[in-house]
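Secondary and tertiary structure notes
Spelled out, the chains give:
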Amino acid sequence: MTKSITANPQGEFSVEDYTVFTIMLGISTAIGVYFGFFQKQKNQTTEEYLLGGRKMKTFPIAISLIASQLSGVSIMSVPAEMYSYGAQYWIIAPTMILITMIINYIFVPVFYNNHITNCYQYLEDRFSPAVKKFVTFTYVLNIYLILPIFIFIPALAFSQVTGINIHLINGIVCGVCIFYTMLGGIKAVVWTDVVQGMIMFVSCFLVVAIGVARIGGLSEVYERAAAGDRLEIFDMTLDTTTRQTFWTASVGNLFLWTGYLGLSQSCVQRIVSVPSMRHARTALWIFCVGFIIIMTLNCFTGIVIFAKYFDCDPIKVGLVQKADKLLPFFVQDVVGNLKGMPGVFISCVFSAGLSTMSANLNSLAGLIYEDYIRPFKLFKHTDALANRTMKLLIFVSGVYCIAMGLIVEQFGHILQMVVTIASVTQGAVMGIFCLGMLWPWANKHGALWGSASSVIVMSWIIAGAQVAISNKELIYPPKPTSVDGCYEYGFNVTANDFPTLMAPQEEAEFSIYNTSFVWYSTIGTFMVFLVGIPVSYFTGSQDMRNFRPKLISPLVHWLLPEEVRQNEFSLKPANDKLSAEPIKEWTFTANETEKYKERLGVIEQTL
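Overview of the structure. These figures come from a predicted structure and were not determined experimentally. Along each chain, residue indices are assigned from 1 in the same order as the chain's sequence is written. In keeping with the model being predicted, local features are shown solely for residues with a pLDDT of at least 70 and side-chain atom pairs are shown and tallied solely at 80 or more, while totals for entire chains, interfaces and linings include all residues. To obtain the side-chain values, all non-hydrogen atoms of the structure were included, while hydrogens and water were left out.

**Describing the overall build of the protein chain**
Assigned secondary structure in the protein chain consists of 20 helices and 0 strands. Of the contacts made within the protein chain by residues no fewer than 6 positions apart, 86% connect residues no fewer than 24 positions apart. Accessible surface area values rest on a Shrake-Rupley calculation with a 1.4 Å probe, where residue burial reflects the displayed protein chains alone. Just so you have it, the protein chain exposes about 24,900 Å², and 65% of that area is on carbon and sulfur atoms. We count a stretch as a helix when DSSP gives it H or I for four or more residues in a row; a strand needs E for two or more, and each element gets its number in order from the N terminus. We call two residues in contact whenever any of their non-hydrogen atoms come within 4.5 Å of each other.

And the structure:
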């Protein structure tokens, strides 16, 4: 008699599982309703809706950052990465310590010292409105390309374990996310993230713990993983065409994640919603610890999955269509007979997707309203009308995400696709902020040409790489898997039935298109400096007489001239009309009067 490869065949999602899943969605909806209708201080102002009045608590913000950064893509695709390519990707976990230090001591002081709440406002203050508009456009475009993927992945998992139409569940859950994000604003986003983050941690831990026990303990897991070459972490290969090495996982992800966490509006909006810089730094360090724990757990899940199927690959025998569906299949196998556990897991994946989607919808609505609607003065701005407009934008964006699920369904390896899409603009964003904060002599011409060159070059490289992939000229062959034990499950297959996929071995000339996708953000960042610094020099470097040192990171203040460092605002020539120039409005900030008085006080001292 043959064994069954899974204890819970597809489609047997129990009443208990549906109940757990429904409760999770119900809690998220209830939080949105509470903050939309019943809290004592409702979202009556724009600042309250987008920033929680800048009185958010440190710990919830930290948990919210963890939940939104570990999207459904991470929960589903990181284990698939471990299963297919080994443990090299785990290096991103300890690298987060360095990433947090960079954000805390380079970016956060600049944002707080300049009362920045829309991070792209910094680019206008440091360079020019044109630079801000260009980078804002790239951010909005990037989010609209990636956001449908973040929410579609959980629907993929739900479909795998229940058989329900993937687009039906995608529409239902997106609708719930749109509802509570519209009603409750940033407070609903943060507190649903807290609940969802706890669900993520508990479910991931339980699935791994039960899986290890079913396999035979940690020693058996490591023995099988080592035999299958899945535990190599310190691959020090310097070849940039290798998919994952120590250098890609550390240096490559350093640039990618620093930009994604420290310079995207959805994250900055929460970082500056706490009362002070000290609170922000504390929140980021809490985030760092939580990220390392959950990412390590997530990576180990992939190793456990490999150990479970070390002698019978479910992909090769057709039980799973692609690696990104392995995790829900594994859950069916190891905990499918425990009523409610598959529901807990699906709640975990959906929690990750919902937290990412809600955070991005909230920040995206504020950004589009402030930068693309309000400047045209189609109507008189009031907080109430602004809030209604942003809620409409959230609704439209959510409907767009549902519709785009039809296209996302056709994607191959999800993690690679997300990193590739993000890297078109992520390097340019990272580069232009670093250029502004770390190189005082950079001017608006260097910033604009540097960022534009980065986007153009990365688009060219990525387009060429996609052509190479479609022509089978660029292949990332996974590590070998076995089918030797499949006969026990009734599959009459052998290794000869599955030809080994090999990367092209010809010693051809180096091609930039073959560079690993993990390096894309690094290349894009350096392109900004390679173009921006020379262009700034040849077009006349930044005039230090008209410069505010607060726009430069405190770490490099020693580069500034002595007279600039000694003054909060630099002296202007005597014939300038100091008091005639109006003070610019700062996006979503209630401190305009104080900033104006502060500026006038400095001007009076100079007179």
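Now that the structure has been shown, the text picks up again.
**Comments concerning the pattern of salt bridges**
A side-chain nitrogen of Lys or Arg and a carboxyl oxygen of Asp or Glu constitute a salt bridge if their distance falls within 4 Å. Going through the model one piece at a time under the given rule, you end up with 4 salt bridges. Between Lys132 and Asp371 there is a salt bridge, and its shortest N-O distance comes to 3.2 Å. In this pair, Lys132 is assigned in helix α7 (residues 129-162) and Asp371 in helix α14 (residues 341-373), connecting sequence segments 239 residues apart. As far as burial versus exposure is concerned, Lys132 and Asp371 are alike and both buried. Salt bridges sharing partners connect three or more residues here, namely Glu124, Lys132 and Asp371. Here the term buried applies to any residue with accessible area under 20% of the maximum for its type, exposed to any over 50%, and partly exposed to those in between, with areas from a 1.4 Å probe on protein chains only.

**A look at the packing of aromatic side chains**
A pair of aromatic rings is counted whenever rings of Phe, Tyr or Trp (Trp by its six-membered ring) have centres within 6.5 Å, and the orientation is called stacked for planes under 30 degrees apart, edge-to-face for over 60 and tilted otherwise. In total, this model carries 17 aromatic pairs according to the counting rule given. Measuring from centroid to centroid gives 5.2 Å for Tyr144 and Tyr400, while their planes differ by 90 degrees, and the two rings are edge-to-face. Taken as a pair, Tyr144 in helix α7 and Tyr400 in helix α15 (residues 383-408) lie far apart in primary sequence, 256 residues in all. For Tyr400, a relative accessible area of 26% puts it in the partly exposed group. One aromatic cluster is present, built from ring pairs that chain together Phe111, Tyr120, Tyr122, Tyr139 and Phe433.

**Observations concerning the side chain of Thr301**
You can see Thr301 is positioned in helix α12 (residues 277-308). Thr301 gets classed as buried once you look at its relative accessible area, which sits at 4%. Not counting the four nearest positions on each side in its chain, Thr301 is found in contact with Pro79, Val208 and Leu327.

**A look at the nonpolar core**
The biggest cluster of nonpolar side chains holds 146 residues, and the ones touching the most others in it are Phe21, Phe107, Phe111, Tyr122, Leu123, Trp257 and Phe433. Broken down by element, the residue count for this core peaks at 20 residues, all from helix α8 (residues 166-215). Among all residues touching Trp257, those that are not within four sequence positions of it are Gln69, Tyr89, Ile92, Met96, Ile99, Gly262 and Phe291. What makes a nonpolar core is a set of buried Ala, Val, Leu, Ile, Met, Phe, Trp, Tyr and Cys residues whose side-chain atoms join them at distances within 4.5 Å. Ranked by size, the runner-up nonpolar core spans 11 residues in total, among them Tyr85, Met458, Ala468 and Tyr476.

**So, the environment of Ile146**
Mapping Ile146 onto the fold places it in helix α7. The exposure class assigned to Ile146 is buried, which follows from its relative accessible area of 6%. For Ile146 and Ala422, which are 276 residues apart along the polypeptide, the C-alpha to C-alpha distance reads 7.4 Å.

**A few points about helix α3 (residues 58-69)**
Take the number of residues in a helix, subtract one, and multiply by 1.5 Å to get its expected span. Taking 1.5 Å as the rise per residue, α3 with 12 residues should run 16 Å; its terminal C-alpha atoms sit 17 Å apart, in good agreement. In terms of burial, α3 is a largely internal element, 11 of the 12 residues being buried. Those residues of α3 lying buried are Thr58, Pro60, Ile61, Ala62, Ile63, Ser64, Leu65, Ile66, Ala67, Ser68 and Gln69.

**So, unusual backbone geometry**
Notably, His115 is not glycine yet its phi reads approximately 55 degrees, a positive angle. Looking at the secondary structure, you find His115 in the loop between α5 (92-113) and α6 (121-126).

**As for the packing of α3 against α12**
Throughout, an axis means a line fitted to C-alpha atoms (over the contacting stretch in the case of helices), and angles, computed between N-to-C directions, take values from 0 to 180 degrees. α12 packs onto α3 with a crossing angle of 40 degrees between their chain directions and a minimal axis gap of 8 Å. When the axes of α3 and α12 are compared, the pair comes out oblique. The crossing of α3 and α12 is right-handed. Packed against α3, whose contacting residues are Thr58, Phe59, Ile61, Ala62, Leu65, Ile66 and Gln69, the element α12 presents His279, Thr282, Ala283, Leu284, Ile286, Phe287, Gly290, Phe291 and Ile294 at the interface. Each residue is assigned to one class: nonpolar for Ala, Val, Leu, Ile, Met, Phe, Trp, Tyr, Cys and Pro, charged for Asp, Glu, Lys and Arg, and polar for all the others, Gly among them. Here the contact of α3 with α12 is composed, by residue class, of 11 nonpolar, 5 polar and no charged. Orientation categories follow fixed angle ranges, with anything under 35 degrees roughly parallel, anything over 145 roughly antiparallel, 65 to 115 roughly perpendicular, and all other angles oblique. Crossing handedness: left-handed means the near helix sits turned counterclockwise from the far one by under a right angle, and right-handed means the same turn made clockwise.

**Here we look at a nonpolar patch on the surface**
Put simply, a patch holds well-exposed residues, over 30% relative accessible area, that have no salt bridge, with like charges counted together within 9 Å and Val, Leu, Ile, Met, Phe, Trp or Tyr side chains within 5 Å. A grouping of Phe201, Val202, Phe205, Leu206, Val289 and Ile293 is seen on the molecular surface, where their side chains present a nonpolar patch of about 510 Å² in accessible area. Listed by contribution, the elements that provide at least two residues to the nonpolar patch are α8 and α12. Here Ile293 falls in the partly exposed class, since its relative accessible area comes to 44%.

**What to know about helix α10 (residues 246-262)**
Taking 1.5 Å per residue, 17 residues should reach 24 Å; α10 reaches 23 Å between its end C-alpha atoms and fits that length. Most of α10 sits inside the fold, with 15 of its 17 residues counted as buried. Counting of polar contacts relies on pairs of N or O atoms within 3.5 Å, with two restrictions inside protein: one atom must be capable of donating a hydrogen and the other of accepting it, and residues adjacent in sequence are counted only when both atoms are side-chain atoms. Its side-chain oxygen placed 3.2 Å from the backbone nitrogen of Trp247, Thr245 serves as the N-cap of α10.

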